[in-house]
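Given next are the chains, with one letter for each unit.
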Amino acid sequence: MNILKDILYKVQIAAVAGDTSVAVNALCFDSRKVSLNDVFIAIRGAEADGHAFIDAALRQGAVAVVCEEMPGSMVNGVTYVQAEDTHAALAVMASNYYGNPSGNIKMVGVTGTNGKTTIATLLYQLFRKAGYKTGLLSTVRIMVDNKEYAATHTTPDPLTINRYLDLMTQEGVEFCFMEVSSHGIAQKRTEGLRFAGGIFTNLTHDHLDYHHTFAEYRDVKKRFFDLLPKEAFALTNADDRNGAVMVQNTAARKYTYALKSYADFRARILENQFGGLLLKIGENEVWVKLIGQFNAYNILAIYATAELLGLETMEILRLVSELESVQGRFQYFVSEGGVTAIVDYSHTPDSLKNVLQTINSIRTGNEQLITVVGCGGDRDKAKRPVMGEIAAELSNKVIFTSDNPRTEDPEEIIREMEQGVAPQYYNKTLSVTDRKQAIKAACQMAGQNDIILIAGKGHETYQEINGERKDFDDFKIAGELIKALDK
Ligand SMILES: CC(=O)N[C@H]1[C@@H](OP(=O)(O)OP(=O)(O)OC[C@H]2O[C@@H](n3ccc(=O)[nH]c3=O)[C@H](O)[C@@H]2O)O[C@H](CO)[C@@H](O)[C@@H]1O[C@H](C)C(=O)N[C@@H](C)C(=O)N[C@H](CCC(=O)O)C(=O)O
Ligand SMILES: Nc1ncnc2c1ncn2[C@@H]1O[C@H](COP(=O)(O)OP(=O)(O)OP(=O)(O)O)[C@@H](O)[C@H]1O
Ligand SMILES: N[C@H](CCC[C@H](N)C(=O)O)C(=O)O
């Protein structure tokens, strides 16, 4: 049992009614999951207001309530704590509850529109190869050294984060790399954590349904760096327009990386092929198995982070050359009939453009590039026509299809994507709503040496339609369909 006032240490409290010496069982921010003697934290969310569920939480056995507004009538024997911000309170309380595990681990957070999963996962790979016990909190999976757990979010809620960090502490994990999403920062999921460093990748259009304006989205990302302690490092991409803005007000030690601008860590691309990249990092040349300019940025950020965390230069270069690409990120195979199929998680305009430009810069130009792409439902609508435009401009043929429609009509989403297509490209595009049929159509169209890009769902093994997740794996389906056609 924990004592409430210990868990409240460092929480910004406005008022208290009742006894904070009370023993509490667990913390809970969902009334439906409250058990006897728990503390219920009322959160004002995107869909609901947790304050409306305080009574329900008490009926389930909550012994204390943390809220932003005291309820009109209070129940005898229950402790009420009014906090200035319950999102922040939850994060601080979650850390306290688990004994502040982030203080025992060197934690590095990665934020930015694209590249978070790649950088966090490859840093995890690299530090494990270097012999350290390492943790990972990513969109694709959570790793406590060699033990894998399922991920539900890019940045989980504070209780989940701290639960895994506690497990990591018990396992003797020394380094942990985690993705820090803009939703995570806005909802203060990472506040209360102690970071040894932060990495900024880039900032382009995404999630404007949630953050409303680009400036708001940028400022949310910046907040992560504003909160870094002065002993931490803040590593930013000097080639990105917003790279300097991110670290403008940070107390942390600032470092930059870049391919084009002056920076503390610099690299140059010497070769860019389907087999990988030859990079010159500082004075050293290194071959890596990843493809494309965007991955040169990712590799450079990884290299710089490893340097900042104290690994030896030659050791880092050796390990960087062994890194394998992340599941669903430019994952490809070549069929017996000579068709190259690439599955990539590009679900933003910038990542789609990058991946198509990368393919175009590597291919000979004699083959066709056929792109299969959709956009997710219940997500930023403004990116749909932009992604439609990019796909049509940079491919020989485009098949618009469904991604995760969630609660939206997939055909309407496709229509919104089509609206971005410039008239001179109309004859390049067609629409096949059923994603499997769309991939099949691409496989049928493709001949020897042609390239199929299946974009948007990467590692995902499901398609979410009206709250139901049906099995769907782009890589597996493309493999089966191409094999069947090769026969
Ligand atoms: C929009 C959004 O981000 N929602 C997240 C948020 O939920 P919320 O607080 O807004 O929830 P809400 O439904 O409004 O409810 C408010 C509060 O009332 C409580 N409640 C509700 C009903 C009830 O009966 N009793 C009760 O107590 C809820 O538990 C909650 O505490 O906080 C929850 C706990 O942390 C998250 O699980 C949830 O993620 C939803 C499922 C989600 O889909 N999030 C996505 C958009 C997301 O976070 N994505 C980013 C990555 C994006 C990217 O960069 O690509 C991520 O980090 O994963
Ligand atoms: N540094 C980068 N710059 C631009 N695009 C990138 C970069 N790294 C990866 N990409 C592209 O973005 C896609 C998503 O990459 P990744 O999963 O690493 O990003 P992310 O930030 O984790 O995205 P999400 O939070 O949505 O998972 C990749 O499939 C690739 O097409
Ligand atoms: N983390 C992103 C992933 C989007 C992936 C795409 N396949 C979609 O479903 O929109 C999000 O939740 O917005």
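Cut-offs and rules
- Residues numbered from 1 in each chain as written.
- Chains lettered and ligands numbered in written order.
- Predicted model: local features only at pLDDT ≥ 70, side-chain atom pairs only at ≥ 80, totals over all residues.
- Heavy atoms only, no water.
- Helix = DSSP H or I, 4+ residues; strand = E, 2+ residues; numbered from the N terminus.
- Rg over C-alpha atoms; globule rule 2.2 N^0.38 Å.
- Buried < 20%, exposed > 50% of the residue type's maximum accessible area, 1.4 Å probe, protein only.
- Contact = heavy atoms within 4.5 Å.
- Areas by Shrake-Rupley, 256 points an atom, 1.4 Å probe, with all protein chains shown as cover.
- Near = heavy atom within 4 Å.
- Polar contact = N/O pair within 3.5 Å; in protein donor to acceptor, adjacent residues only side chain to side chain.
- Nonpolar A, V, L, I, M, F, W, Y, C, P; charged D, E, K, R; others polar.
- Domains from an automatic or database assignment.
- Core = buried A, V, L, I, M, F, W, Y, C linked by side-chain atoms within 4.5 Å.
- Pairing = 2+ DSSP bridges.
- Axes fitted to C-alpha atoms, helices over the stretch in contact; angles between N-to-C directions.
- Parallel < 35°, antiparallel > 145°, perpendicular 65-115°, else oblique.
- Left-handed = near helix turned anticlockwise from the far one by under 90°.
- Buried area = accessible area lost by both parts, 1.4 Å probe.
- Salt bridge = Lys/Arg side-chain N within 4 Å of Asp/Glu carboxyl O.

Quick look at the overall build of the protein now. On a plain count of helices and strands, the protein comes out with 16 helices and 26 strands. A globule of 487 residues ought to have a C-alpha radius of gyration of about 23 Å, and the protein, at 24 Å, matches this closely. For the protein, the spread of C-alpha atoms along the principal axes amounts to about 75 × 55 × 40 Å. Sorting the 487 residues of the protein into buried and exposed places 55% on the buried side. Put simply, 65% of the contacts in the protein that link residues at least 6 apart link residues at least 24 apart. With an accessible surface of roughly 20400 Å², the protein has 46% of that area assigned to carbon and sulfur atoms.

Moving on: the site of ligand 1. Among the 21 residues in the neighbourhood of ligand 1, the closest are listed as Ala-46, Glu-47, Ala-48, Thr-154 and Ser-181. Contact between ligand 1 and Ser-31: a nitrogen atom at 2.8 Å from a side-chain N or O atom of the residue. The contact in question runs from an oxygen atom of ligand 1 to an N or O atom on the side chain of Gln-187, over 2.8 Å. In isolation ligand 1 offers 1100 Å² of accessible surface; the protein chains occlude 75% of this area. When its residues are assigned to classes, the shell around ligand 1 shows six nonpolar, 10 polar and five charged. Composition of the shell around ligand 1 by domain shows at least three residues from each of domain 1 (2-96) and domain 2 (100-322).

A few words now on the site of ligand 2. Residues in contact with ligand 2 amount to 20 residues; listed here are only the nearest, Thr-117, Thr-118, Asn-298, Arg-329 and Asp-344. Contact between ligand 2 and Thr-118: an oxygen atom at 2.6 Å from a side-chain N or O atom of the residue. Thr-139 places a polar side-chain atom, nitrogen or oxygen, 3.3 Å from an oxygen atom of ligand 2. Look at ligand 2: alone it shows 620 Å² of surface, and the protein chains cover 95% of it.

Here we come to the nonpolar core. Among the nonpolar cores identified, the biggest contains 45 residues, and Leu-126, Phe-127, Phe-177, Ile-199, Ile-281 and Ile-299 are the most heavily contacted of them. At 10 residues, helix α10 (residues 293-308) tops the list of elements feeding residues into this core. Setting aside its immediate chain neighbours within four residues, Ile-299 contacts Leu-122, Leu-279, Ile-281, Val-288, Leu-290, Val-320 and Leu-323. Formed by 28 residues, the second largest nonpolar core is a distinct cluster that contains Ile-161, Phe-195, Ala-234 and Ala-252.

With that settled, the discussion passes to the sheet that holds strand β6 (residues 64-67). The pairing of strands in a sheet comes from backbone hydrogen bonds and takes either a parallel or an antiparallel form. With mixed pairing, the five strands of this open sheet are ordered in space as β2-β7-β6-β5-β4. Strand pairing shows two members of the sheet lacking a second neighbour, β2 (13-17) and β4 (27-28), which therefore form its edges.

What follows is about the sheet that holds strand β23 (residues 429-431). Judged by pairing direction, the sheet is mixed, and its six strands sit side by side in the order β19-β20-β24-β21-β22-β23 without closing on themselves. Edge strands, defined here as strands with exactly one partner in the open sheet, are β19 (331-334) and β23. Taken over all neighbouring pairs, the strand axes of this sheet differ in orientation by 15° on average, direction set aside. Here helix α14 (residues 410-418) sits on the sheet in contact with β21 (369-373), β22 (397-400) and β23, set at roughly 150° to β22.

Across the interface, helix α3 (residues 86-97) lies against helix α5 (residues 158-170) with an axial gap of 9 Å and an inter-helix angle of 20°. With respect to α5, the element α3 is oriented roughly parallel. Regarding α3 and α5, the two cross each other, and that crossing is right-handed. Facing α3, whose interface residues are Leu-90, Ala-91, Ala-94 and Ser-95, α5 presents Pro-158, Leu-159 and Asn-162. Residue classes in the contact of α3 with α5 are distributed as five nonpolar, two polar and no charged.

Structurally, Leu-369 can be placed in strand β21. The sequence separation of Leu-369 and Ile-3 amounts to 366 residues, and the corresponding C-alpha distance is 62 Å. Not counting residues within four places of it along the chain, the set of residues in contact with Leu-369 comprises Leu-356, Ile-359, Asn-360, Arg-363, Leu-394, Ser-395, Asn-396, Lys-397, Ile-451 and Leu-453.

How large an interface is tends to be reported as the accessible area lost when its parts come together. The domain boundaries assigned to the protein delineate domain 1 (2-96), domain 2 (100-322) and domain 3 (331-486). Distance between the C-alpha centres of domain 1 and domain 2: 33 Å. Tallying the contact residues gives 11 residues for domain 1 and 12 residues for domain 2. The largest share of the area that domain 1 buries against domain 2 comes from His-87, Ala-91 and Ser-95, three residues that together contribute 45% of it. At the junction of domain 1 with domain 2, the criterion picks out one salt bridge. Asp-85 is the partner of Lys-188 in a salt bridge, and the nearest nitrogen-oxygen pair spans 2.5 Å. Remark: the boundary between domain 1 and domain 2 carries five residue pairs in polar contact (both at pLDDT 80 or more). Considering every element that reaches the side of domain 1 that touches domain 2, the biggest residue donor is α3, with eight residues. Grouping the constituent residues of the side of domain 1 that touches domain 2 by class yields seven nonpolar, three polar and one charged.

What follows concerns the side chain of Asn-237. Positionally, Asn-237 belongs in strand β14 (residues 233-237). From its side chain, Asn-237 meets the backbone nitrogen of Asp-239 in a polar contact 2.9 Å long.

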